[in-house]
Amino acid sequence: MITISRLEKSYGSGPGAVRANRRISLTIDDGEFVVFAGPSGSGKTTLLNMLGALDSPTSGSLTINGNDLTVMSPRELSRFRRDHLGFVFQRSNLVSSLTVMDNALLQLRLQGRLTDSSRRAVAELIDRVGLGDKKTRLPRDLSGGEQQRAAIIRAVASAPALVVADEPTASLDAENAAGVLNVMRALNYELGTTIVVSSHDERVIRVGRRIVRLTDGRVVSDTGSTRER
Ligand code: ADP
Ligand code: MG
């Protein structure tokens, strides 16, 4: 479970400071698929960077499965990222010198958890997203949509507590965007991975079970949360 309480993030200080996130309080349950929606500049990337332990709040608290990220040292945060988080960015963040399979296995390898059975499970995931015949290809030999599907497998392969995806379909056409979203939704459903996605694209936003809308750094609506049902 993720608990965000009165979270604030400002860039700069004094009268010129930009308040990118303002008094954000939210709870995200395990297994939720949440879309942070809002126009450019509304604070989505700022919030996802904090959820992904890539940046720290100016004030407020943020806990993921009982771990308070706001009290961790940089070294602890980096270990937390490795062991508990997965990331998908706007453009695929695959390692260009590694094959699809080796990219997918990378985090498990770094965690020292790579086994024959985890290798088989990851190979199955790659098959599931239609990249079965491309396991030994390098990222540059894949289309943009295929790269994003491979990046999603990489993010979920080590069964992280949370996968953070910042505008994962922004560089894709409609058909590929739909393919990438379907993969994310299916993996959320089948693996139970908690996924938070940001988007300003209504096609993406529609896919979310829970939609949190941001405007000027504030949460202006939050619909479809499991807690309401
Ligand atoms: P979004 O992802 O929704 O487009 P961002 O989180 O990137 O929004 O930005 C929120 C606000 O914070 C914007 O006004 C943006 O200009 C500002 N901002 C983002 N990153 C920085 C930064 N590193 N330094 C200063 N201002 C920033
Ligand atoms: Mg952004």
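Along each chain, the written sequence defines residue order, and numbers are assigned to residues from 1. Lettering for chains starts from A, numbering for ligands starts from 1, and both go in the order in which the items are written. The predicted nature of this model means local features are confined to residues of pLDDT at least 70 and side-chain atom pairs, given and counted, to a pLDDT of 80 or more, with totals for whole chains, interfaces and linings taken over all residues. Heavy atoms from the whole structure form the basis of all side-chain values; hydrogens and water molecules are not counted.

(A) Expanded view of the site of ligand 1. In the vicinity of ligand 1, the contacting residues are Y11, V18, A20, P39, S40, G41, S42, G43, K44, T45 and T46. In protein, a polar contact requires one atom able to donate a hydrogen and another able to accept it; more generally it is a pair of N or O atoms within 3.5 Å, and residues adjacent in sequence count only if both atoms are side-chain atoms. G41 has a polar backbone atom sitting 2.7 Å from an oxygen atom of ligand 1. For ligand 1, an oxygen atom lies 3.1 Å from a polar atom in the backbone of G43. Helix and strand labels come from DSSP, where a helix needs a run of H or I of at least four residues and a strand needs a run of E of at least two; each type is numbered from the N terminus. Ranked by the residues each element gives to the shell around ligand 1, the list is headed by helix α1 (residues 44-51), at 3 residues. Of the residues in the shell around ligand 1, the class split is 4 nonpolar, 6 polar and 1 charged. One heavy atom suffices: a residue is near a molecule or strand as soon as one of its heavy atoms comes within 4 Å of it. In this count, Pro and Cys sit with the nonpolar residues alongside Ala, Val, Leu, Ile, Met, Phe, Trp and Tyr, while Asp, Glu, Lys and Arg are called charged and the others, Gly among them, polar.

(B) Fine view of helix α3 (residues 100-111). Burial classification: accessible surface area is computed with a 1.4 Å probe over protein chains only, and a residue below 20% of its type maximum counts as buried, one above 50% as exposed, and the rest as partly exposed. Within the span of α3, buried status applies to V100, M101, N103, A104, L105, Q107, L108 and Q111. The contact definition used throughout considers only heavy atoms, calling two residues in contact when any of these lie within 4.5 Å. Where α3 is buried, its residues meet α2 (74-84), β6 (85-88), α4 (116-128) and α5 (144-156). After α3 finishes, the residue G112 shows a positive phi value of roughly 70°.

(C) Molecular detail of unusual backbone geometry. The phi angle at R6 is positive, at roughly 45°, despite the residue not being glycine. Secondary-structure assignment places R6 in strand β1 (residues 2-11). Given the relative accessible area of 52%, R6 is considered exposed. Positive phi values are uncommon outside glycine, yet A159 reaches one of about 55°. Mapped onto the elements, A159 comes out in the loop between α5 and β7 (162-166).

(D) Fine view of the nonpolar core. If you look at the biggest cluster of nonpolar residues, it comprises 39 residues, and the most contacted ones within it are V122, I126, I152 and M184. Residue assignment for this core shows that the elements contributing at least two residues are β3 (33-37), α3, α4, α5, β7, α6 (174-191), β8 (194-199) and α7 (202-205). Dropping the residues within four chain positions of it, V122 is found in contact with M101, A104, L105, L108 and A157. Grouping buried Ala, Val, Leu, Ile, Met, Phe, Trp, Tyr and Cys residues that are joined through side-chain atoms within 4.5 Å yields what is termed a nonpolar core. Ranked by size, the runner-up nonpolar core spans 26 residues in total, among them I2, I4, L51 and L162.

(E) Main features of the pattern of salt bridges. Each salt bridge in this description consists of a side-chain nitrogen of Lys or Arg and a carboxyl oxygen of Asp or Glu lying within 4 Å of one another. This structure, assessed with the given rule, holds 12 salt bridges. With its nearest N and O atoms 3.9 Å apart, the salt bridge here joins R109 to D102. For R109, a relative accessible area of 40% puts it in the partly exposed group. D102 sits in the partly exposed class, given a relative accessible area of 26%. We note a salt bridge from E146 to K134, for which the minimum N-O separation is 2.7 Å. One end of the pair, E146, is in helix α5; the other, K134, is in the loop between α4 and α5, with 12 residues separating them in the sequence. K134 carries the same exposure label as E146, and that label is buried. By sharing partners, the salt bridges in this structure join E32, R210 and D222 into a single network.

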